[in-house]
Structure formats: structure tokens, C-alpha cells
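# Report on the structure
The lines below spell out each chain.
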Amino acid sequence: MSKQKPLFIAGPCSVESEEQIIEIAKKVKKLGIDYLRGGAYKPRTIPDSFQGLGKKGLDFLKKVKEKTGLRIVTELVSPEHIEEVIKVADVVQVGSRNMYNYELLKEIGKRASKKPVLLKRGMSATKKELIGAIGYLKKHGHKAEIIVCERGIRTFSNGEYDRFTLDLSFVADLKKDKKFNYRIIIDPSHAAGRSDIVENLSFAGMAAGADGLMIEVKREGTTALSDDAQAITLKKLKYILKKSEEIYAL
Ligand code: PEP
Ligand code: MN
């Protein structure tokens, strides 16, 4: 049986302006990527950090979708936003911090049952807990695809050389588990926390068996309003995708 095409998702951490998201989207599309990521509602660790543009960010994503035909991946942080998010999103992202938010998962199951979900593994979540989160979506009516994303877990590295430790064993295990029938992708950006090792983590993730990657990018010469240090340029992304496809085909 031939393998499905790898799933590549790229885009900024946050939607910052109409020009920013359009410029990045056009470049992402030029690289042959079908999925654009961009947060409108952002779950930030520090309350004074940029919180995202909210509804306005969703409007910019809608425009970009109409202009480019790209599929949109954007995060849902609260049941309150479900209807406005699913109008724009082709894939609803549930962030690491919300993997344990069972009320949110139940509402997605009920009110977004036909919308694919990208479920990010909680930063300290066990396999049982991840499977439990998937179970909440399904038990409450979710029917569309659920894609799992490994984005790094908390370990004693404590920010000395990465932001979170990318758990490649977890990915390899899930790919071997015959009972686990979900695609699993890697987010090297949030694991790395720094742009210079995003490529290494991407290749390692693909070698561990991942079905794809979600990578944060920014416009060259700019400072991103969130997660600037880990954002790579589109030029670098081109190289990562090419090599990742080669590893995937092995
Ligand atoms: C993100 O992908 O924008 C994000 C906030 O990631 P995480 O939930 O993994 O921290
Ligand atoms: Mn981010």
C-alpha cells in the first residue's frame, strides 16, 4: 500500500496583520504546501504578551483562504468561539494547554463534529491521557479526522538548549501501535524554541515515523509578535520540506 502524502502545515505563530498573513500565505502556497497555520486567539503564558487579533485575525484568515485556496489551521481556545472559528478553519487546533480541557473537547464533539481537529499533546500528557482526550471528542459526537501533534514535553532540559523536549519515542510508539489509527505530526518549532535546530528536529521527527510537520515561519527581516525566536524563514522551510519528503519516502 502506498503511503499518503506527508501533511505539511506552515505559517506564523499568530496572525498579526492582513499584509503579514497574505505575504506568508502566498509563499507557503508557492512551496506546494496546502495548509496555512496562524493563531487568531492565542493562549499565551504571560498575560501581557500579544494575545492575538481574535475575530479580526479570523477575518484576515478568511480573506487569505478565499485568495489562495489554502486550507486554514487555527486554534480554538474557548467554546464561546466555536461557531466563528469553524466558519474559517478547515482544521481546528486544540493547543497543548487545552488537551485536558474536557468541557472544550465535549463542545467540539457536539458543535464541530464534522471539522477535522489537530490535537496537540499536552506538554506533560501520557499516552493514556492523550487517548482519553481523543475519547472525549468522539464520545461527544466528533466524526471527522483527528490528527495528533507531538510538540515537546517538559523534562529537566528546562530551557537550557530547547524549550520542550521533542518526544520521538512517543511518535515511534504510536506509529507501531496497531490500535492507534490517527495521523501524528511533529511541531518542531515549539519543541525547539529556537530557529537553528528546527530543521534537525524536523528530520528526526520524520525519521521516527511522523506523518508530517507543523512549522512556524516569519517574514525575513521582521520580528514576530509571538514566538519570534523559533520562527524560520520561508527559504529555510523549502529546504526542510524537500529533505523531509525524502526521509518520509524511505
Ligand atoms: C501553537 O501551535 O500556536 C501553540 C500555542 O502551541 P502549543 O499549544 O503546542 O503550545
Ligand atoms: Mn507559537
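All of the points below concern the structure found in this document. (Residues numbered from 1 in each chain as written. Chains lettered and ligands numbered in written order. Predicted model: local features only at pLDDT ≥ 70, side-chain atom pairs only at ≥ 80, totals over all residues. Heavy atoms only, no water.)

### Here's the deal with the coordination of the manganese ion (ligand 2)
Only Cys13 (SG), His190 (NE2), Glu216 (OE) and Asp227 (OD) from the protein coordinate the manganese ion (ligand 2), and they sit 2.0 to 2.4 Å from it. Donor residues for the manganese ion (ligand 2), ordered by position in the chain, follow C-x176-H-x25-E-x10-D. Taken together, the positions of His190 in helix H7 (residues 188-192) and Asp227 in the loop between strand E8 (212-216) and helix H9 (234-249) put the pair 37 residues apart, joining distant regions of the chain. A residue is classified by how much of its surface remains accessible, and His190, at 9% relative accessible area, is buried. (Donors = N, O, S within 2.8 Å, 3.2 Å for Na, K, Ca; no water. Helix = DSSP H or I, 4+ residues; strand = E, 2+ residues; numbered from the N terminus. Buried < 20%, exposed > 50% of the residue type's maximum accessible area, 1.4 Å probe, protein only.)

### Regarding the site of ligand 1
Near ligand 1, the surroundings consist of Arg37, Lys42, Glu75, Gln93, Gly95, Ser96, Arg97, Lys120, Arg151, His190 and Glu216. In the environment of ligand 1, an oxygen atom lies 3.0 Å from a nitrogen or oxygen atom belonging to the side chain of Lys42. Between an oxygen atom of ligand 1 and a side-chain N or O atom of Lys120, the distance comes to 2.7 Å. Within the complex, the protein chains bury 96% of what would otherwise be the 300 Å² of accessible surface of ligand 1. (Near = heavy atom within 4 Å. Polar contact = N/O pair within 3.5 Å; in protein donor to acceptor, adjacent residues only side chain to side chain. Areas by Shrake-Rupley, 256 points an atom, 1.4 Å probe, with all protein chains shown as cover.)

### A short note on the pairing of strand E5 (residues 117-120)
Alternating positions in E5 separate into two faces, Val117 and Leu119 on one and Leu118 and Lys120 on the other, with burial throughout. Pairing analysis gives 3 bridges linking strand E4 (residues 91-94) to E5, with the strands arranged parallel. Bridge assignment links Gln93 to a residue of E5, and that residue is Leu118. In this region the chain leaves E4, passes through helix H4 (residues 102-111) and returns to the parallel neighbour E5; the handedness of that crossover is right-handed. Pairing analysis gives 4 bridges linking E5 to strand E6 (residues 146-150), with the strands arranged parallel. Along E6, the bridge assignment pairs Leu119 with Val148. (Pairing = 2+ DSSP bridges. Right-handed = clockwise from strand over helix to strand, strands pointing away.)

### Thoughts on unusual backbone geometry
Phi is positive for Asn158, which is not a glycine, with a value near 50°. Residue position: Asn158 is located in the loop between E6 and helix H6 (168-176). The class for Asn158 is exposed, based on a relative accessible area of 70%.

### Overview of empty space enclosed by the protein
As enumerated under the stated definition, the model contains 1 cavity of 30 Å³ or more in all. The calculated volume of the largest cavity comes to roughly 70 Å³. As for the largest cavity, its lining consists of Pro12, Cys13, Ser14, Glu16, Gln20, Ile24, Val217, Lys218, Arg219, Thr222, Ala224 and Ser226. (1 Å grid on protein atoms, 1.4 Å probe; cavity = no way out; pocket = protein on both sides within 12 Å on 5 of 7 lines; lining within 4 Å. Points joined across faces, edges and corners; volume = space filled by probe spheres on them.)

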